[in-house]
Amino acid sequence: MILDATDRAILNQLQEGFPIDPAPFAVVAADLGITETDLIARLEAMKTARVITRFGPFYDAAAMGGAFCLCAMAIPPGEFDAVTAKVNAHPEVAHNYERTHRLNMWFVLATETKEGIEEVARRIEVETGHRVLLFPKLQEFFIRFRVAA
Amino acid sequence: MTLDATDRAIIAATQSGLPLVPHPYAAIAADLGMTEGVLCDRLRAMQASGIIRRIAVAPNHYALGMTANGMSVWDVDDAQVAELGQKVGDLAFVSHCYERPRALPEWPYNLFAMLHGTSREEVEALRLQVADLLGDACAGHDILYSTRILKKTGLRLRSGKG
């Protein structure tokens, strides 16, 4: 789908936040100078075209209980597929990417407790014979991704 | 704050998104058998305590033509990383920006920023913009491109007590 200037303004505005109000679309539409009906129709169209992946509350996974940690490993090319299978077999591995670096495997561990991160990482080290480096989030810098208007 | 069963029901009902109807909170409240006022008070409390980071739209970078992305990593002076990290996070083409621990000697980088562009050349140009912004506070940097998705599963809410 081709986005027009109004669609882009909607994307930028709604990345900043959405009100908790009985008629929140009417509030946002008034800010944008369009009608509530037009705003909802455009959001529907962008959702259907998958320009919008999610619209709603973003919950802090750690605040709901549980722990998360970015991890990296340096795997020799000849062992890569075998190690991938061993790492991915753990249900705590949520995402796993091959990347262009000596540290060529990067994955996220999601566990119910803080201690669980260390435990799963150590188990993966024993199973694969390779170190797992842990890169927990120390500080998040708030993010917006703006669309050129 | 501690989440109770009502909060958990609200999370379960909204974590895949809000309905695109004129009164979305009333619609969710009706489904959950509570008043709109109670639902909104609960949402506000969760927002105030950080359990809800924000209520917003997440655009799909690929659908917007941002098909190239790189994980840029920076070795930034610890005394300046909080201030400079926020400046990097504020850049329009950065989607995630975190301070993480170094793993010396092999990993000197303490600031991670995902850069998005329409091509790898553009991402490299964006990386130079970040380098300019960090200036002398940055002792070194690198960028890692993903070459394969090895696993991708969503993060799920635990249903048990927390």
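As the structure is a computational prediction, the values presented were derived from the model and not from experiment.

A. Region of the structure containing helix H3 (residues 36-48) of chain A. In this model H3(A) runs 18 Å from its N-terminal to its C-terminal C-alpha over 13 residues, within 8% of the 18 Å that 1.5 Å per residue would give. Every buried residue of H3(A) is accounted for by A:Leu39, A:Ile40, A:Arg42, A:Leu43 and A:Met46. Down the axis of H3(A), the buried side of the element spans an arc of 165 degrees, and every buried residue falls inside it. Exposed and oriented more than 90 degrees from the buried face of H3(A) are A:Thr37 and A:Thr48. Summarising the contacts, the buried residues of H3(A) are in contact with helix H1 (5-16), helix H2 (24-32) and strand S1 (52-59) of chain A together with strand S1 (52-59) of chain B.

B. Summary view of the environment of B:His96. All names here are of chain B. Positionally, His 96 belongs in strand S3 (residues 94-99). When its relative accessible area of 34% is taken as the criterion, His 96 is described as partly exposed. His 96 sits 70 residues away from Ala 26 along the chain, and the two C-alpha atoms are 33 Å apart.

C. Spatial organisation of the pairing of strand S4 (residues 105-111) of chain A. Residues and elements named next belong to chain A. For S4, the tally of buried residues reaches five of seven residues, placing the bulk of the element in the interior. Across five bridges, strand S3 (residues 93-99) lies against S4 in antiparallel orientation. Note that in S4 the partner of His 95 across the bridge is Val 108.

D. Spatial organisation of the packing of H1(A) against H3(A). Residue and element names in this part refer to chain A. Contact pair H1 / H3: the axes reach a minimum separation of 11 Å and the direction vectors enclose 85 degrees. Looking at the two axes, H1 sits roughly perpendicular to H3. Within the contact between the two elements, H1 uses Thr 6, Asp 7, Ile 10, Leu 11 and Leu 14 and H3 uses Leu 39, Arg 42, Leu 43 and Met 46. Its residues placed into classes, the contact of H1 with H3 shows six nonpolar, one polar and two charged.

E. Focus on the domain arrangement of chain A. Examined at the domain level, chain A breaks down into domain 1 (5-48) and domain 2 (67-135). Using only C-alpha atoms to locate each centre, domain 1 of chain A and domain 2 of chain A end up separated by 40 Å.

F. Molecular detail of the interface of chain B and chain A. Listed per partner, the contact involves 77 residues of chain B and 72 residues of chain A. Buried surface at the junction of chain B and chain A, summed over both partners, amounts to about 7000 Å²; 59% is from carbon and sulfur atoms. Between the two partners, chain B and chain A, sit five salt bridges. Residues A:Arg131 and B:Glu106 are paired through a salt bridge, measuring 2.8 Å at the closest nitrogen-oxygen approach. One can count 34 residue pairs in polar contact (both at pLDDT 80 or more) joining chain B with chain A. Contributions of two or more residues to the side of chain B that touches chain A are made by helix H1 (5-14), helix H2 (24-32), helix H3 (36-48), S1, helix H4 (81-89), S3, strand S4 (111-117) and strand S5 (138-152) of chain B. Among the elements that make up the side of chain B that touches chain A, the one with the highest residue count is S5(B) (eleven residues). Looking at the side of chain B that touches chain A residue by residue, the class counts come to 45 nonpolar, 18 polar and 14 charged.

What counts as what
Residues numbered from 1 in each chain as written. Chains lettered and ligands numbered in written order. Predicted model: local features only at pLDDT ≥ 70, side-chain atom pairs only at ≥ 80, totals over all residues. Heavy atoms only, no water. Helix = DSSP H or I, 4+ residues; strand = E, 2+ residues; numbered from the N terminus. Expected span 1.5 Å × (residues − 1). Buried < 20%, exposed > 50% of the residue type's maximum accessible area, 1.4 Å probe, protein only. Arc of directions from axis to C-beta. Contact = heavy atoms within 4.5 Å. Pairing = 2+ DSSP bridges. Axes fitted to C-alpha atoms, helices over the stretch in contact; angles between N-to-C directions. Parallel < 35°, antiparallel > 145°, perpendicular 65-115°, else oblique. Nonpolar A, V, L, I, M, F, W, Y, C, P; charged D, E, K, R; others polar. Domains from an automatic or database assignment. Buried area = accessible area lost by both parts, 1.4 Å probe. Salt bridge = Lys/Arg side-chain N within 4 Å of Asp/Glu carboxyl O. Polar contact = N/O pair within 3.5 Å; in protein donor to acceptor, adjacent residues only side chain to side chain.

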